[in-house]
Amino acid sequence: MIQKLVTSRGINDSDSGKIKLGVNWLFEPTVNFYRQTMGIDWLLPVDRSGIKKNDDYYYIFKDELNQLNPLDYEVIFEFKRTNTWLLKNNKSN
């Protein structure tokens, strides 16, 4: 997921400064680990408070998609094996 986020950010948001990734609370430790070890300084630390409407990207389970309006996001990648989605918020700009 981190690699897909890095690629998407490079294509879509390379000049936008810091990026806020909203995640399911289960992903907080892993995302912050890779953010630090890979030196991804443009990614703000993630927290366990879930997704918010002003997040730039979302990494959530498929069954959490109902928390978002389908018109407000673009699917970056669907990870079928883990049943998770990486989404870009179209309304965050």
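Everything numeric in this text was worked out from a predicted model, so none of it was measured. (Residues numbered from 1 in each chain as written. Predicted model: local features only at pLDDT ≥ 70, side-chain atom pairs only at ≥ 80, totals over all residues. Heavy atoms only, no water.)

(A) A look at the nonpolar core. Met-1, Leu-5, Leu-21, Val-31, Leu-43 and Tyr-59 are the most contacted members of the largest nonpolar core, which totals 16 residues. Counting only elements with at least two residues in this core, the list comes to α1 (2–12), β1 (21–23) and β2 (57–61). Contact partners of Leu-5, with chain neighbours within four places excluded, come to Leu-21, Trp-42, Leu-43, Tyr-57 and Leu-86. In terms of nonpolar packing, the next biggest core, distinct from the first, is built from eight residues, Ile-51, Tyr-58, Tyr-73 and Leu-87 among them. (Core = buried A, V, L, I, M, F, W, Y, C linked by side-chain atoms within 4.5 Å. Buried < 20%, exposed > 50% of the residue type's maximum accessible area, 1.4 Å probe, protein only. Helix = DSSP H or I, 4+ residues; strand = E, 2+ residues; numbered from the N terminus. Contact = heavy atoms within 4.5 Å.)

(B) Region of interest: helix α2 (residues 28–37). Those residues of α2 lying buried are Glu-28, Val-31, Asn-32 and Arg-35. Buried residues along α2 cover an arc of 95° about the axis, so they all sit on one side. A positive phi of about 65° marks Gly-39, the residue just after α2. (Arc of directions from axis to C-beta.)

(C) Spatial organisation of the pattern of salt bridges. Enumeration according to the criterion identifies three salt bridges in this entry. Between Asp-47 and Lys-20 there is a salt bridge, with its nearest N and O atoms 3.5 Å apart. Here Lys-20 lies in the loop between α1 and β1 and Asp-47 lies in the loop between α2 and β2, a separation of 27 residues in the sequence. In this structure, Lys-52 and Asp-47 form a salt bridge, with 4.0 Å as the shortest nitrogen-oxygen distance. One salt-bridge network, in which partners are shared between bridges, spans Lys-20, Asp-47 and Lys-52. (Salt bridge = Lys/Arg side-chain N within 4 Å of Asp/Glu carboxyl O.)

(D) Just the packing of aromatic side chains, in detail. This structure, assessed with the given rule, holds five aromatic pairs. With a centroid separation of 4.5 Å and an interplanar angle of 45°, the aromatic rings of Phe-27 and Tyr-59 are classed as tilted. With Phe-27 in the loop between β1 and α2 and Tyr-59 in strand β2, this residue pair connects regions lying 32 residues apart in the sequence. Like Tyr-59, Phe-27 is buried. On the basis of an interplanar angle of 90° and a centroid distance of 5.9 Å, the ring pair of Tyr-59 and Phe-79 is categorised as edge-to-face. Taken together, the residues span a long stretch of sequence, with Tyr-59 in strand β2 and Phe-79 in strand β3 (residues 73–79) at a distance of 20 residues. Overall, Tyr-59 belongs to the buried group, its relative accessible area being 9%. (Phe/Tyr/Trp six-rings, centres within 6.5 Å; stacked < 30°, edge-to-face > 60°.)

(E) Up close: the environment of Phe-79. Its relative accessible area of 16% is what places Phe-79 among the buried residues. Residues Phe-79 and Leu-43, spaced 36 residues apart in sequence, show a C-alpha to C-alpha distance of 21 Å. Those residues in contact with Phe-79 that sit more than four places away from it in its chain are Met-1, Lys-4, Tyr-59, Thr-84 and Leu-86.

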